[in-house]
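# Understanding the architecture of this molecule
The lines below spell out each chain.
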Amino acid sequence: MRSRLASASRAALLLALTAVLVACDRTLTDAPRPAISTADTTLEVGEAAQLSARGFQADPAWTSSDTAVAKVLSTGYVTAMGPGTATVTAAGRGRTAAAAVHVRLPPTIAPSASTVAFAAYTGGSDAAAQSVAVANAGGSPLTGLAVETAYAAGGPADWLSVSLSATAAPAVLLLQPQTGRLAAGTYRATVRLASPLPRVAEARVAVTFSVGPA
């Protein structure tokens, strides 16, 4: 009698264990494939993005293949540190998912010259026009370029004609001083190049116009 009970107990235990193993296997099989919300992310230096992971039974651990390019917190919050590409990985309980994070420099206004000088004589012909190339030293497109001229305090204004060949880099800044009725002397102006894009610093070109006596 005891032998039969023991056998029955063992059989029931084996059935229970089998059911548990089948259930576990079914859970692992039915679990969604692990993935990160965005498989390919592009950021500018200084920007950040929140990544999320799915297909994990618990919060995964986050790592970055290159923290000089992108740092990631335990929450999946990524900060762009420097130009390049890093792989951000979420891992937990034998499951992993990865995403590429591409980081590039923000657009940067880069004129080919920071100072330009002209010379002419009173009552004479205007000085020859000069051009300054305006490039983008960053990685993202540089658009919305605009120019503004500021003249030295106490001096005459509107003696410098300024034009920009395009509102997106590369462009050419054309400078043309006009002698007009200017008296002999030295005149100064600052041409400011700017863009409404975030994190784009203004660039300046200092212009000097020397007018000698006839």
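Scroll up a little and you will see the structure.
Every chain begins its residue count from 1, and numbering advances along the sequence as written. Residues qualify for local features only when their pLDDT is at least 70, as the model is predicted, and side-chain atom pairs are given and counted only at 80 or more; totals for whole chains, interfaces and linings, by contrast, use all residues. Side-chain measures here rest on the full set of heavy atoms in the structure, leaving out hydrogens and waters.

Along its length, the protein chain carries one helix and 17 strands. Counting over 214 residues, the protein chain shows a buried share of 28%. Here a residue-residue contact requires only that any non-hydrogen atoms of the pair lie within 4.5 Å. Put simply, 62% of the contacts in the protein chain that link residues at least 6 apart link residues at least 24 apart. Using a 1.4 Å probe, the Shrake-Rupley method yields the accessible areas, and only the shown protein chains count as cover for residues. For the protein chain, the exposed surface amounts to about 12,400 Å²; the carbon and sulfur share of it is 56%. The numbering of helices and of strands both runs from the N terminus, where a helix is a DSSP run of H or I of at least 4 residues and a strand a run of E of at least 2. Accessibility here uses a 1.4 Å probe with only protein chains present; expressed as a share of the type maximum, an area under 20% marks a residue as buried, one over 50% as exposed, and anything in between as partly exposed.

Strand order in the open sheet formed by three strands is β3-β7-β6, with antiparallel pairing between adjacent strands. With partners counted over all chains shown, the strands left at the sheet margins are β3 (48-50) and β6 (70-72), one partner each. Across this sheet, the average inter-strand angle for adjacent strands is 20 degrees, counted without regard to direction. Pairs of strands are assigned from DSSP output, requiring at least two bridges between the strands. Judged from the three bridges that link them, β3 and strand β7 (residues 77-80) form a sheet pairing that is antiparallel. Bridged to A48 within β7 is T79. A fitted line through C-alpha atoms serves as each axis, taken over the contacting stretch for helices, and the angle formed by two N-to-C directions is quoted from 0 to 180°.

As a further point, take the environment of A110. Checked against the element boundaries, A110 lands in strand β10 (residues 109-111). Sequence spacing of A110 and A133 is 23 residues, and the spatial spacing of their C-alpha atoms is 8.2 Å. For A110, the residues in contact, after removing those within four places along its chain, are A133, V134, A135 and A137.

Our next topic: the sheet that holds strand β16 (residues 185-194). Within the open sheet, the four strands sit side by side as β11-β17-β16-β13. Their pairing is mixed. Since the sheet does not close on itself, it has two edges, and those belong to β11 (115-121) and β13 (146-151), each with one partner. Strand-to-strand, the axes of this sheet are offset by a mean angle of 20 degrees, without reference to chain direction. Direction of pairing for β16 relative to strand β17 (residues 203-212): antiparallel, over a ladder of nine bridges. Within the sheet, the bridge partner assigned to A189 lies in β17 and is V207.

The term salt bridge refers to a pairing of a side-chain nitrogen on Lys or Arg with a carboxyl oxygen on Asp or Glu at a separation within 4 Å. Taken as a whole, this structure holds four salt bridges when the rule is applied. A salt bridge links E47 to R199; the shortest N-O distance between them is 2.8 Å. With E47 in the loop between β2 (40-44) and β3 and R199 in the loop between β16 and β17, the pair connects residues that are 152 residues apart, well separated along the chain. According to the relative accessible area criterion, E47 is partly exposed, its value standing at 26%. Judged by relative accessible area, which is 43%, R199 ranks as partly exposed. In this structure, E202 engages R204 in a salt bridge whose closest nitrogen and oxygen atoms are separated by 2.8 Å. E202 sits in the partly exposed class, given a relative accessible area of 39%. Put simply, E44, E47 and R199 are held in one network by salt bridges that share partners.

Where burial is concerned, the two faces of strand β5 (residues 61-64) differ: the one with W62 and S64 is buried and the one with A61 and T63 is not. Two elements, β5 and strand β8 (residues 84-92), share four bridges in a ladder whose sense is antiparallel. Looking at the pairing, W62 lines up with A90 of β8.

Moving on, we get to the packing of aromatic side chains. Aromatic contacts are taken between Phe, Tyr and Trp rings whose centres are within 6.5 Å, Trp giving its six-membered ring; a plane angle under 30 degrees counts as stacked, one over 60 as edge-to-face, and the others as tilted. Enumeration according to the criterion identifies three aromatic pairs in this entry. Considering the side-chain rings of Y151 and W159, the 5.6 Å spacing of their centres and the 65 degrees angle between planes classify their relative orientation as edge-to-face. Judged by relative accessible area, which is 22%, Y151 ranks as partly exposed. On the numbers, 6.4 Å between centres and 55 degrees between planes, the contact of W159 with Y187 is tilted.

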